[in-house]
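# What the coordinates show
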Amino acid sequence: MPCRNRLAILGVGNVLCMDDGVGPAAVERLSRDYSAPDGVAMLDGGTLGLSLLPIIEDSDRVLIVDAIRMDAPPGALVFLQGDDVLPAVRLRLSVHQVGVADLLDAARMRGTLPAALTLFGIVPATIDLGWELSPPVSQALPRLVAAIVDHVRMLGFDLTRRRTARAGAELALS
């Protein structure tokens, strides 16, 4: 029997649509800069939608990272929990969010939606075609990653900063 994830950190979004790719970008930075303990999975879910259902069903807690449309300026951080998550992903920002809403609805209908569901995100400036994050979202990305790390640690999971991340931060400060 496969090991159950105590926590799945799932970055979703389309990296071909500028700020819509902030979820995968955040998880990539988390994976690059931090090592996670056993039972914590950090995954780039991209635009896989319902294909992610086994990950959701096999996790006690799920933390989704995404671009989220809110009445706030571009680059603003978004933090939602529990019953506030599903309505937020129903506000279609892009085609992939239909998949996120469907994914969570499928887990709920099957009775496998984790009791602890959290959404971290950034309000996008643009979801036009392009590889780069917009300046406000790019500038907010380190704050988003730090907020996720703080939240995960508050949940009792020790994300350990990698040595190479420390060295890179020290070089950037010199």
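Position numbers for residues count from 1 along each chain, tracking the sequence in the order it is written. Whole-chain, interface and lining totals are the exception, using all residues; otherwise, since this is a predicted model, local features are given only for residues with pLDDT of at least 70 and side-chain atom pairs are given and counted only at 80 or more. The side-chain numbers reported here are obtained from all heavy atoms of the structure, hydrogens and water having been left aside.

### Brief notes about the overall build of the protein
- Going along the chain from the N terminus, every DSSP run of H or I of four or more residues is numbered as a helix, and every run of E of two or more is numbered as a strand. Regarding its fold elements, the protein presents six helices and seven strands.
- Throughout this description, buried means an accessible area under 20% of the type-specific maximum (1.4 Å probe, protein chains only), exposed means over 50%, and partly exposed covers the range between. The buried share of the protein, reckoned over its 174 residues, is 48%.
- Residue contacts are counted whenever heavy atoms from the two residues lie within 4.5 Å of one another. Sequence-distant contacts, at least 24 apart, represent 79% of the contacts inside the protein between residues at least 6 apart.
- Of the roughly 8,800 Å² of accessible surface on the protein, a fraction of 56% belongs to carbon and sulfur atoms. Here the Shrake-Rupley method, with its probe set to 1.4 Å, supplies the accessible areas, and only the displayed protein chains count as covering residues.

### Quick word on the sheet that holds strand 3 (residues 40-46)
- What the five strands build is an open sheet, ordered 3-1-4-6-5; its pairing is mixed. Single-partner strands in this sheet number two, and they are strand 3 and strand 5 (77-81). Each strand of the sheet is rotated relative to its neighbour by a mean of 15 degrees, with strand direction disregarded.
- Strand pairing is assigned whenever DSSP identifies at least 2 bridges connecting the two strands. Bridge analysis of strand 5 against strand 6 (residues 116-122) gives five bridges, and the strand direction is antiparallel. For leucine 80, the partnering residue across the bridge sits in strand 6 and is leucine 119.
- Lines fitted to C-alpha atoms define the axes here, with helix axes fitted over just the stretch in contact, and angles between the N-to-C directions of these axes take values from 0 to 180 degrees. In this fold helix 5 (residues 135-154) packs onto strand 1 (5-12), strand 4 (59-67), strand 5 and strand 6, with an angle of close to 160 degrees to the strand it touches most, strand 6.

### Regarding helix 1 (residues 22-33)
- Each residue after the first adds 1.5 Å to the expected span of a helix. Taking 1.5 Å of rise per residue, the twelve residues of helix 1 would be expected to cover 16 Å, and the 16 Å separating its terminal C-alpha atoms lies within 8% of that figure.
- Three or more residues of helix 1 are buried, namely Val22, Gly23, Pro24, Ala26, Val27, Leu30 and Asp33.

### Focus on the nonpolar core
- Core analysis: the largest hydrophobic core is formed by 25 residues, its most contacted members being Ile9, Leu30 and Leu144.
- Contributing elements (two or more residues each) for this core: strand 1, helix 1, strand 3, strand 4, strand 6 and helix 5.
- It is helix 5 that provides the largest number of residues to this core, a total of eight residues.
- Setting aside chain neighbours within four positions, we find isoleucine 9 in contact with Val27, Leu30, Val40, Ala41, Met42, Leu43, Leu63, Val65 and Val152.
- What is meant by a nonpolar core is a set of buried Ala, Val, Leu, Ile, Met, Phe, Trp, Tyr and Cys residues, joined one to another through side-chain atoms within 4.5 Å. Counting residues in hydrophobic clusters, the runner-up holds 23 residues, among them Leu53, Ile56, Leu103 and Leu119.

### Re the environment of aspartate 20
- Positionally, aspartate 20 belongs in the loop between strand 1 and helix 1.
- Considered as a pair, aspartate 20 and leucine 133 are 113 residues apart in the sequence and their alpha carbons are 8.2 Å apart.

### Thoughts on the packing of aromatic side chains
- Classification of ring pairs rests on two measures: the distance between centres of Phe, Tyr or Trp rings, Trp counted by its six-membered ring, which must be within 6.5 Å, and the angle between planes, read as stacked under 30 degrees, edge-to-face over 60 and tilted in between. Taken as a whole and assessed by the stated rule, the structure comprises one aromatic pair.
- Seen from their ring centres, phenylalanine 79 and phenylalanine 120 are 4.8 Å apart, and the 55 degrees between their planes marks the pair as tilted. Of this pair, phenylalanine 79 sits in strand 5 while phenylalanine 120 sits in strand 6; the two residues are 41 residues apart in sequence, bridging distant segments of the chain.
- Assessed through its relative accessible area of 40%, phenylalanine 79 is described here as partly exposed.
- Take phenylalanine 120: its relative accessible area is 5%, and that puts it in the buried class.

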